[in-house]
Each structure stands twice: as C-alpha cells, then as structure tokens.
Amino acid sequence: VAAARERGMVLHANPLGTGYFGKEAGEYATWVANYSNTLLDDSDFLGVFNEPGLSTVDLVEIANMTATLVSGAPTTVGPDMQHLSSSLKALESSYELTASFDVLASHDA
C-alpha cells in the first residue's frame, strides 16, 4: 500500500472470494468496513461485494450498513454480481440498489 501511495496510485479493493462468507448482514458490513478503514482513504475505491449471490434487499441493506461504518469517503463500487445480466436485472429492479453505489460495476463470468 505504501509503495502504491508513493507512486500516486489509488486502490480498488473488495472482498477476496465469492459469496457471503457465512456472515450475517451486520457482521459482513462490519468486516468490509474494518478492511476499508484500515487500508483505504478518500481517493480509493471500495467494492463492497464480490459475486455475492444475495437478494436485492440484502444487497441494499449491507451496502447501506457498510456506508455508515466506513470512515472517510472512498468511492463505492458494486454490486459486482457474477454475471452482467444479473447485475443489470438487479439494478433495473431497484432504485435503492442503484443509489447504493457511486460506480456501478459487474463481473461477467
């Protein structure tokens, strides 16, 4: 991280692995926020999810919880679902989900 900062780079970090990691919503949000609070600053990008496989309601709940727990203001990226078609379907069906991220992103496995 220090070497990246010295070179003027920004970080884009999200949870390694896929799914929900067997955590409850609050536990997951705290885990992601703690990671962000340790490594990221306001110029960085935080991907809250990595192919989460969760309902739209759960995604919104966790993204909003995470936002309240993160110190600073990294740019949030998501929902990063496994397939572009899944991300588009979820985003089209929920304004709340779309509003939960600064940058809309998806994987396309």
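Above: the structure in question.
Read on for an overview of the structure. (Residues numbered from 1 in each chain as written. Predicted model: local features only at pLDDT ≥ 70, side-chain atom pairs only at ≥ 80, totals over all residues. Heavy atoms only, no water.)

### Brief notes about the environment of E61
Here is the rule we go by: Comment: elements are numbered from the N terminus, with helices defined as DSSP H or I runs of at least four residues and strands as E runs of at least two. Partly exposed describes any residue whose relative accessible area lies between the buried limit of under 20% and the exposed limit of over 50%, with all areas from a 1.4 Å probe on protein chains only and scaled to the type maximum.
Here E61 is to be found in helix α3 (residues 56-69). Owing to a relative accessible area of 38%, E61 belongs among the partly exposed residues under this scheme. As for E61 and M9, which are separated by 52 residues in sequence, their C-alpha atoms are 31 Å apart.

### Some thoughts on the environment of K89
Inspection of the secondary structure puts K89 in helix α4 (residues 84-93). For the pair K89 and V1, spaced 88 residues apart in the sequence, the C-alpha separation amounts to 35 Å.

### What to know about unusual backbone geometry
Residue P79 follows G78 across a cis peptide bond; omega there is 10 degrees. Checked against the element boundaries, P79 lands in strand β3 (residues 75-79). A positive phi angle, close to 55 degrees, is found at D80, a residue other than glycine. Within the secondary structure, D80 sits in the loop between β3 and α4.

### Quick look at the packing of helix α2 (residues 25-39) against α3
Just so we agree on the cut-off: The axes are straight lines fitted to the C-alpha atoms, using for helices just the contacting stretch, and the angles between their N-to-C directions are given from 0 to 180°. An angle counts as roughly parallel when it lies under 35 degrees, as roughly antiparallel when it exceeds 145, as roughly perpendicular when it falls between 65 and 115, and as oblique in every other case. The handedness criterion is simple: a crossing whose near helix is rotated anticlockwise from the far helix by less than a right angle is left-handed, and one whose near helix is rotated clockwise is right-handed. Should any heavy atoms of two residues lie within 4.5 Å, those residues are counted as being in contact. When residue character is reported, Ala, Val, Leu, Ile, Met, Phe, Trp, Tyr, Cys and Pro are called nonpolar, Asp, Glu, Lys and Arg charged, and the others, Gly included, polar.
Axis separation between α2 and α3 bottoms out at 8 Å; the angle between their running directions is 40 degrees. The angle between α2 and α3 places the two elements in the oblique class. Here α2 runs over α3; the crossing is right-handed. Contact residues: α2 offers A25, G26, Y28, A29, T30, V32, A33 and N37, while α3 offers E61, I62, M65, T66 and L69. Of the residues belonging to the contact of α2 with α3, the class tally is eight nonpolar, four polar and one charged.

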